[in-house]
Amino acid sequence: MSSEKLISKGAVHSDSFRQCGEMVPIFEELPVATIVSVSRPDTGDISPMLLSYTIEFQYKQFKWRLLKKASQVLYLHFALKKRAIIEEFHEKQEQVKEWLHSIGIADQTAVVEDDDEPDDGAVPLHNEDSVRNRNVPSRAALPIIRPALGGQQSISDLAKVAMQGYLNHFLGNMDLVNCREVCKFLEVSQLSFLQEYGPKLKEGYVMVKHLPKFSGANSDVASCAGFCLGYCSNNWQKVWAVLKPGFLALLDDPFDTELLDIIVFNALPPSKGNGGSENYLASQIKERNPLRYTFRVASGNQSLRIRTTSNAKVKDWVTAINDAGLRPHEGWCHPHRFGSFAPPRGLTDDGSQAQWFIDGEAAFEAIASSIEGAKSEVFFLPCFHWLMDTFTDYRSQTLQTLNSCFQIFITGWWLCPELYLRRPFSSNSSSRLDALLEAKAKQGVQIYILLYKEVSLALKINSSYSKKKLSNIHENVRVMRYPDRFPTGIYLWSHHEKLVIVDYQICYIGGLDLCFGRYDTVEHKVGDCPPSVWPGKDYYNPRESEPNSWEDVMKDELEREKVPRMPWHDVHCALWGPPCRDIARHFVQRWNHAKRNKAPNEQALPLLMPQHHMVIPHYMGRSREIDIEKRKVEETQNGIQRENSFSSLTPLENIPLLLPQEADGLEPPGVDQKLSAQQMHHYPVDQPNGISGSVSLSSRKPKVEALDPDTQMNGLMDDLYSMDLEIGTNINSVAQSGLTASNEWSESSEESDHAVAADDCGQTGPRTACKCQVIRSVSQWSAGTSQTEESIHNAYCSLIEKAEHFVYIENQFFISGLSGDETIQNRILEVLYRRIVLAHKEQKCFRVIVVMPLLPGFQGGVDDYGAATVRAIMHWQYRTISWEKYSILHKLEVLLGPKTHDYISFYGLRTYGKLFEGGPLSTSQVYVHSKVMIVDDRVALIGSSNINDRSLLGSRDSEIGVVIEDKEFLESSMAGQPWKAGKFSYSLRCSLWSEHLGLHAGEINQISDPVSDSTYTELWLATAKENSIIYQDVFSCIPNDSINSRAALRESMAFWKEKLGHTTIDLGIAPKKLESRENGEIKETDPMERLKHIRGHLVSFPLEFMNQEDLRPVFNESEFYTSPQVFM
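Residues numbered from 1 in each chain as written. Predicted model: local features only at pLDDT ≥ 70, side-chain atom pairs only at ≥ 80, totals over all residues. Heavy atoms only, no water.

Colleague: Could you clarify how one ought to interpret the overall build of the chain in this entry?
Modeller: Counting secondary structure elements, the chain contains 32 helices and 38 strands. Within the chain, buried positions represent 61% of all 1128 residues. Contacts in the chain between residues far apart in sequence, at least 24 positions, make up 74% of those at least 6 positions apart. Accessible area of the chain: about 44,000 Å², with a carbon and sulfur share of 50%. (Helix = DSSP H or I, 4+ residues; strand = E, 2+ residues; numbered from the N terminus. Buried < 20%, exposed > 50% of the residue type's maximum accessible area, 1.4 Å probe, protein only. Contact = heavy atoms within 4.5 Å. Areas by Shrake-Rupley, 256 points an atom, 1.4 Å probe, with all protein chains shown as cover.)

So this is what it looks like as C-alpha cells:
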C-alpha cells in the first residue's frame, strides 16, 4: 500500500483550504487560554477527575469560553500520545520504504490504519520533526489528577494552577494547536476565525439524521461510505457543526470548508396569541429511548434532527442556537420595519451608501466596471503567510485556488449572454457579458447565476439557451434555472428580481435585466440603421415582434428600415456596505433553496454560506481605511498589543458591532436635529404586519452605547483591511469608472447646501451615505421561507401614508385596489386615496404624479386577435385609474370634482426620430420599465417590483427592492417654503424630470420646487399637454383620447395604412407632409416644423382611450381560461 493511503479522506477535497495532501492549519499564531473558574459537583467525592474548568480562549480578536472536565483534558492527553506513537511508526515505515526502493525491492509495505481513531479515518503525514514537536510529556498532566490535599478552596486553586500549566504547555506549540485532537478540544474549525462569517460561536461534532447528499468534489467515495454507514447506523451521520450568527453549517470535519448542509436563519412565524407557544429555532426532542439525546433545528422549510452524546450537550446546543438567532433583537429571526427580513442600515456611520443610474447606458457601464474589478489576484486567508513559508513550491496553485474567495452573484428574469454592456458594440467586444464572465472565471472568480425558468409556451426568453451558453463558458460559472414547474406546481408566477453582486462589496439592484432591448441613453433613439448601437436582436420592439429563434442573436428580428425599436426607460441603483450583504444573503437563500429542490445531488452546484454584516469602519471611506492601516503599522512597530473584541462571551456588548443594527434613534452626524426629528416623524418604523401603526425612530433609545472611534477598532478587522485597501477601493469605485458624475454632487453635504447647477443632472448620481433597508416579496415557493413576506407592499403603503408634500411614481404597471375591492388585493391605491382626501380636508397642497407605459409592452396591436394579454392588462390598469367605481379618479371626482387633477395625474413618455438617414419619421412610446417612488425629496424606493398583485403580495412573483432615506441634505424649497431636500432623492428626481421635460443648462432651478404652481402646472402639465397635441397632429398615434372603441380603432388604422402604405402596429409613421386648411386652401408643411417644438419625452396618459370597451378576454381566446391573477 502506497503512502498516499495515509492521507485523510478529507485531504483530497479540492477546496481552497487543502493543498498537496496537507491540512491547512487553523491557527497562524498561538492562542491564549485562561482558567476563569473551577467548579465541582455537589457530592462528597473530592476526586480531581470530577472538577470542571471554565476556560476562556483568545485568538486574535476572537474570544470564546468552554466548560471542560478534567477527564476530557486527560482524554486529550492520551489521544495526543497515541497520535505521536502512530506518527513515529509511520515515519519509521517511510524510512524502511525508501531503503527497500534503494535496493530495488517493490513497494509492498503494508500500512496499519487506525480504525479506532475517534475523529478521522486516517493519519496525515508530517515532517520528520513532527513527533518531537507534537509530543506532550506525561508529567505535564500529572498535577491535574493529583493536586495536593487541603481544603476545598485550596484544591480548586491548585487545580486551577495545574490546569493552567498544562494548557500553557500544549498551547505554546504551533504544531500541537493545529492537530485534530487539540482543534476538537478547542472547538475550532476552518470557519471559526473567518471574519466575513462573524464571531466564533459554538462548534463541535454531532450526529445528523437523513443528511442530504450535498457533497462536492470527490463525493462519490464519501457517498459510498455514507451509504454503507447509513444502513449500519440508521441514517445517522457524524458531522462537524459550526454555529454562526446567521446560520448553522455542517462540515465533514473541522479542517474542511465544503458544506454538507446549511440552515440559514429566517424570520420565525409570530407566536400564537397571548399565552401561545413561542417559536424557536432549536428545540429538544423527547426520544423513546432515554439514552438518545436529540434536538431539532428548523428555519423556513428546512428542518434537521441532530443528536449528541448527552442531555447537557443538547441543552447547550439548543440554548446557543436560539441565542444566536433570537436573543439579539437585530438578528435574522425577527421581522423588522415593514415586515422585512433585513433591518434598516445606515442609522450609524456603518458605510451604507447608494448611487442611482438612469437608463441602461449608465447602469451597464457601472456593472461592467464592477465585474472587471472583481479581484482575484489579491486575497486574504488566515494562515496564508505560514502557508507560503511551508508550501512555497505550491504558491501559484494556492493562489489560483484561493481566488474562489471572490464571487459574483447574478439573478434576473431574463439574461442574454451576448449582451454588450458598452456601445458601440463593434469596438467593445470584450464588454460582452459572456466575455466579461469568462475572463473573470479564468482568473478563479466563482460566478453563480440564477435564472428564471419560464413557461416556454407563454414567454420567449429562452432561459434554456442562456443556461447552456453560460454553463459552457468555464467550470467556475455555475448556473441554475428555477422553478421546475411540475414538482413545484408553480405555473403562474416568476422570479422577477434583477441583481448583480460583486465580491460582497457592491450590489446592483433595480429594474434592468441584463438582456436585449434594455440598453438605452437619455436620447431614446428609435432608429439604428446601419446598426452601431443595437446589434441583431438587441434592436428590440416587443410591441411588434418577439424573437422566435436564438440560434443567431446577431441576425435582425425586425426590419430596421420600417420598424422603430422601442426605447427603454429604467432606473437602477448601486449599494455598498451592509445593504449589499443583506441582498447577497437573499441571493444565497434563494440559491440554496433552488439547489435543494432542483439539484440536490449535482456536485458542481454547491451550497453557499452568507457572509456576516461588519457594521464597523471596514466599510468607511478609503481615507479612513488608510488611517486605520497606518495606525495598525505604527502600533505593531511599537509592540502594542490591542485588546480584541470579537467575542461570544457577552453578545449584547461585544457583538453589536457585528450584528445588523436595528433602528435605534441615532442621528447622522452633521444633520440638524430638528430636521432629523421631523424626518423620522414622517417615515416611522411600521409594525411588521400591516400598513398602519407606527413607532417613531427618534423615540427609541440606543441599545448599544457608542464607542470611541479608536477603541471601536480593537484589532477587529486588521486582517481584512489589507485586502480591502487593495481590492475594496477598486470595486467600490468602479461605479464611477467611465461615467460623468458631477463634482458638485460628489461634494460633502457641508459643501453642497445650495441649489443644484444644471449640468449636475445626468445619468449617474452621487454616491451618497444613506439609510437603506432591503425589502422583498418572497414566500415558500420562491425562497423557502416559512411565511410570506410582502415588505415591498408595506413599504409603499407606509411611505405614501406619511408623505407630506408629494409622491412621484414611475412604474411598468399600475394595478391596485381601493378598500372593499375583493378582486385586487394590494392597497397602494387606497393609501393614495386616503392621503389625497386628508390633504383636501387640511387645505394643503399635495401632488401625486404617476409615469407609466402608454401601452403594455407585449406583442400585438390593441385590436389584434392574438393581443388578449395586452387588452387584459389595459383593462385592469384603466379599472385602477379612471374606469368604473373602483378607480381612484372616479372616487375622487365624486368627492373633489374638478380639483381632482390638482392632486393626482398620470403620464407616459414618447419620442420620435428618423429610422435611417433620409428615412421616414417614426414615433414610439418610451417604455417605462422603472420601478421607483420618490417622496418629499427625502426618501426613494427603487427595485424590481411592479405596482400590481403579482409583485406586491409576496406569494406570487419574487421581487427585491430598497428603501433609501437621505442623511445628507441640500437647501431647496417645497410649496414656496425653504426645505432641506435629500441629496440622493433630490438629485434623482431632478435628473428624471430634466430628461422627461427636456430641460437644458440653467433650467434645473425651474423644478427645484416640485409642487409649486410654476413647476407642476406651468411646466410639467403644460409640457405634457403640448407634446401630446403635437404627436397627435403629426402621427395620430395610439393610444389617444379620440379613439374610444375597437371600431374607431379599426377605422383609424385602415385610414392611415391606406394613406401611408405602411405604418407600425401603433401608428408610428409620419406622413411626408402634414395637410391643414387655411383660408379654404390645403396647406402642406414639413412634420419636423411641428416636431421641433417637442420638449423632452413627457406626454399625458390618455384616460379616455377605449373607454367604451370591455377589454377582458372573451371565450374564444385562450386567455379567457387563464386566471385573471396572471394579468394583475
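Colleague: Explain the side chain of Asp 937 here, please?
Modeller: With respect to the secondary-structure elements, Asp 937 resides in the loop between strand E31 (932-935) and strand E32 (939-943). Within the structure, the side chain of Asp 937 is placed 2.7 Å from the side chain of Arg 989, a separation counted as a polar contact. Sequence-distant contacts of Asp 937, that is, excluding residues within four places in its chain, are made with Phe 806, Asp 966, Met 974, Trp 979, Ala 981, Gly 982, Ser 985, Tyr 986, Arg 989, Ser 1008 and Pro 1010. (Polar contact = N/O pair within 3.5 Å; in protein donor to acceptor, adjacent residues only side chain to side chain.)

Colleague: Is there a simple way to think about the pattern of salt bridges in this case?
Modeller: In a structure, side chains of opposite charge can pair up when their charged atoms sit close to one another. Counted according to the given criterion, the structure contains 42 salt bridges. A salt bridge links Glu 187 to Lys 68; its shortest N-O distance comes to 3.7 Å. Remark: Lys 68 occurs in strand E5 (residues 62-69) and Glu 187 occurs in the loop between helix H6 (180-186) and strand E6 (203-209); sequence separation between them is 119 residues. The residue Arg 345 makes a salt bridge to Asp 582 at a minimum N-O spacing of 2.7 Å. In this pair, Arg 345 is assigned in the loop between helix H8 (311-326) and strand E13 (353-358) and Asp 582 in helix H15 (residues 578-598), connecting sequence segments 237 residues apart. As far as the burial class goes, Arg 345 and Asp 582 line up, both buried. Residues joined by salt bridges that share partners form a network here, namely Glu 287, Arg 305 and Arg 307. (Salt bridge = Lys/Arg side-chain N within 4 Å of Asp/Glu carboxyl O.)

Colleague: What is the right way to read the sheet that holds strand E10 (residues 282-285) from this model?
Modeller: Each strand in a sheet pairs with its neighbour through backbone hydrogen bonds, running either in the same direction (parallel) or in the opposite one (antiparallel). Reading across from one edge, E9-E8-E7-E6-E12-E11-E10 is the order of the seven strands in this open sheet, with antiparallel pairing throughout. Either end of the sheet is taken by a strand with one partner, and the two such strands are strand E9 (259-264) and E10. Between one strand and the next, the sheet's axes are offset by a mean angle of 35 degrees, whatever the strand orientation. Bridge count between strand E11 (residues 293-299) and strand E12 (residues 302-308): seven bridges; the pairing is antiparallel. Bridge assignment links Arg 296 to a residue of E12, and that residue is Arg 305. In the packing of H15 onto the sheet, the strands contacted are E9 and E12, and the crossing angle to E9 comes to about 125 degrees. (Pairing = 2+ DSSP bridges. Axes fitted to C-alpha atoms, helices over the stretch in contact; angles between N-to-C directions.)

Colleague: I'm lost on the side chain of Glu 56 in this one. Help?
Modeller: Assignment of secondary structure puts Glu 56 in strand E4 (residues 52-59). The exposure class of Glu 56 is buried, given its relative accessible area of 17%. Of note is the side chain of Glu 56, whose polar atom sits 3.3 Å from the side chain of Arg 65.

Colleague: How should the environment of Ile 408 be read in this particular structure?
Modeller: Within the fold, Ile 408 resides in strand E14 (residues 407-412). Each C-alpha atom of the pair Ile 408 and Val 445 lies 7.3 Å from the other, and the pair is 37 residues apart in sequence. Excluding residues within four positions of it along the chain, Ile 408 makes contact with Ile 371, Ala 374, Val 445, Gln 446, Ile 447, Tyr 448, Ile 501 and Val 502.

Colleague: Help me out: how do you make sense of the state of the cysteines in this one?
Modeller: Where two cysteines share a covalent bond between their sulfur atoms, that bond is called a disulfide. The final tally for this structure, using the stated rule, is zero disulfides. Note on Cys 183: no disulfide assigned, nearest cysteine sulfur contributed by Cys 179 at a separation of 6.5 Å. By relative accessible area, which is 0% here, Cys 183 ends up buried. (Disulfide = S-S within 2.5 Å.)

Colleague: I'm lost on the nonpolar core in this one. Help?
Modeller: Considering soluble globular proteins, one finds that nonpolar side chains tend to be buried as a cluster. Ile 321, Phe 984 and Leu 988 are the most contacted members of the largest nonpolar core, which totals 93 residues. Contact partners of Ile 321, with chain neighbours within four places excluded, come to Leu 243, Leu 248, Phe 265, Leu 281, Ala 282, Phe 295 and Val 297. Counting residues in hydrophobic clusters, the runner-up holds 70 residues, among them Phe 814, Ile 881, Ala 1070 and Leu 1091. (Core = buried A, V, L, I, M, F, W, Y, C linked by side-chain atoms within 4.5 Å.)

Colleague: Explain the packing of helix H9 (residues 359-372) against helix H12 (residues 433-442) here, please?
Modeller: A pair of packed helices can be characterised by two numbers: the angle between their axes and the separation between those axes. It is at 9 Å that the axes of H9 and H12 come closest, and there the two elements cross at 20 degrees. Judged by the angle between their axes, H9 and H12 are roughly parallel. Crossing angle aside, the handedness with which H9 passes H12 is left-handed. Every residue of H12 that contacts H9 at Ala 368, Ile 371 and Glu 372 is listed here: Leu 433, Leu 436, Leu 437 and Lys 440. Here the contact of H9 with H12 is composed, by residue class, of five nonpolar, no polar and two charged. (Parallel < 35°, antiparallel > 145°, perpendicular 65-115°, else oblique. Left-handed = near helix turned anticlockwise from the far one by under 90°. Nonpolar A, V, L, I, M, F, W, Y, C, P; charged D, E, K, R; others polar.)

Colleague: Got a minute to help me understand the packing of aromatic side chains in this structure?
Modeller: Centre-to-centre distance and the angle between the planes together describe a pair of aromatic rings. Scanning all chains against the criterion turns up 30 aromatic pairs. Between Phe 357 and Tyr 508 the ring centres are 6.1 Å apart and the planes differ by 40 degrees, which places this aromatic pair in the tilted class. With Phe 357 in strand E13 and Tyr 508 in strand E18 (residues 506-510), this pair connects stretches of sequence that are 151 residues apart. Side by side, Phe 357 and Tyr 508 carry an identical accessibility label, which is buried. When the ring of Phe 364 is compared with that of Tyr 519, the centres are 6.3 Å apart and the planes differ by 35 degrees; the resulting orientation is tilted. With Phe 364 in helix H9 and Tyr 519 in the loop between E18 and strand E19 (568-569), the pair connects residues that are 155 residues apart, well separated along the chain. (Phe/Tyr/Trp six-rings, centres within 6.5 Å; stacked < 30°, edge-to-face > 60°.)

Colleague: Would you mind showing me how to read unusual backbone geometry here?
Modeller: Working note: non-glycine residues mostly have negative phi, and peptide bonds are mostly trans. Between Cys 529 and Pro 530 the backbone carries a cis peptide bond, its omega angle lying at 0 degrees. Relative to the helices and strands, Pro 530 is located in the loop between E18 and E19. Following Ile 1038, the chain continues to Pro 1039 via a peptide bond in cis, the omega torsion being 10 degrees. Here Pro 1039 is to be found in the loop between helix H30 (1013-1035) and helix H31 (1046-1060). Its identity as a non-glycine residue notwithstanding, Phe 338 has a phi of 65 degrees, on the positive side. For Phe 338, the location among the structural elements is in the loop between H8 and E13. Overall, the relative accessible area of 1% leaves Phe 338 in the buried class. Located in the positive-phi region is Asp 503, a residue other than glycine, with phi close to 55 degrees. With respect to the helices and strands, Asp 503 occurs in the loop between strand E17 (499-502) and E18. Exposure remark for Asp 503: the relative accessible area of 9% places this residue in the buried category.

Colleague: Would you take a moment to explain H12 for this structure?
Modeller: Quick reminder: α-helices carry 3.6 residues per turn. Residues three or four places apart thus point the same way. Along H12, the residues that are buried comprise Leu 433, Asp 434, Leu 436, Leu 437, Lys 440 and Ala 441. The arc that holds every buried residue of H12, seen down its axis, measures 160 degrees, which confines them to one face. Buried positions along H12 lie against H9, E14, strand E15 (446-452), helix H13 (463-471) and strand E16 (477-482). In the segment just after H12, Gly 444 is the residue with positive phi, at about 105 degrees. (Arc of directions from axis to C-beta.)

Colleague: Explain the environment of Ile 306 to me, please; I cannot follow it from the model alone.
Modeller: Topologically, Ile 306 is positioned in strand E12. Spatially, the C-alpha atom of Ile 306 lies 6.3 Å from that of Lys 209, the residues being 97 residues apart in sequence. In contact with Ile 306, not counting residues within four places along its chain, are Val 206, Met 207, Val 208, Trp 236, Leu 248, Tyr 293, Thr 294, Phe 295 and Val 297.

Colleague: Teacher, can you tell me more about the environment of Phe 916 here?
Modeller: You can see Phe 916 is positioned in the loop between strand E28 (904-914) and strand E29 (921-925). Taking the relative accessible area as the measure of exposure, Phe 916 reaches 27% and is therefore partly exposed. Each C-alpha atom, one on Phe 916 and one on Glu 561, is 6.8 Å from the other, the two residues being 355 residues apart in sequence. Setting aside residues up to four positions removed in sequence, Phe 916 forms contacts with Cys 529 and Glu 561.

Colleague: Explain helix H29 (residues 983-997) here, please?
Modeller: With 15 residues, H29 extends 21 Å between its outermost C-alpha atoms, agreeing within 8% with the 21 Å of an ideal straight helix rising 1.5 Å per residue. Among the 15 residues in H29, 15 count as buried, and that is most of the element. (Expected span 1.5 Å × (residues − 1).)

Colleague: What should I look at first to understand the packing of helix H24 (residues 828-841) against helix H26 (residues 888-896) in this one?
Modeller: Two elements in contact, H24 and H26, have axes separated by 11 Å at closest approach and are oriented at 20 degrees. One element, H24, and the other, H26, form an angle in the roughly parallel class. Viewed along their axes, H24 and H26 form a crossing whose handedness is right-handed. Within the contact between the two elements, H24 uses Leu 829, Leu 832, Tyr 833, Ile 836, Val 837 and His 840 and H26 uses Ile 888, Lys 891, Leu 892, Leu 895 and Leu 896. Within the contact of H24 with H26, the residues separate by chemical class into nine nonpolar, one polar and one charged.

As far as function goes, none of this settles anything; it's purely spatial.
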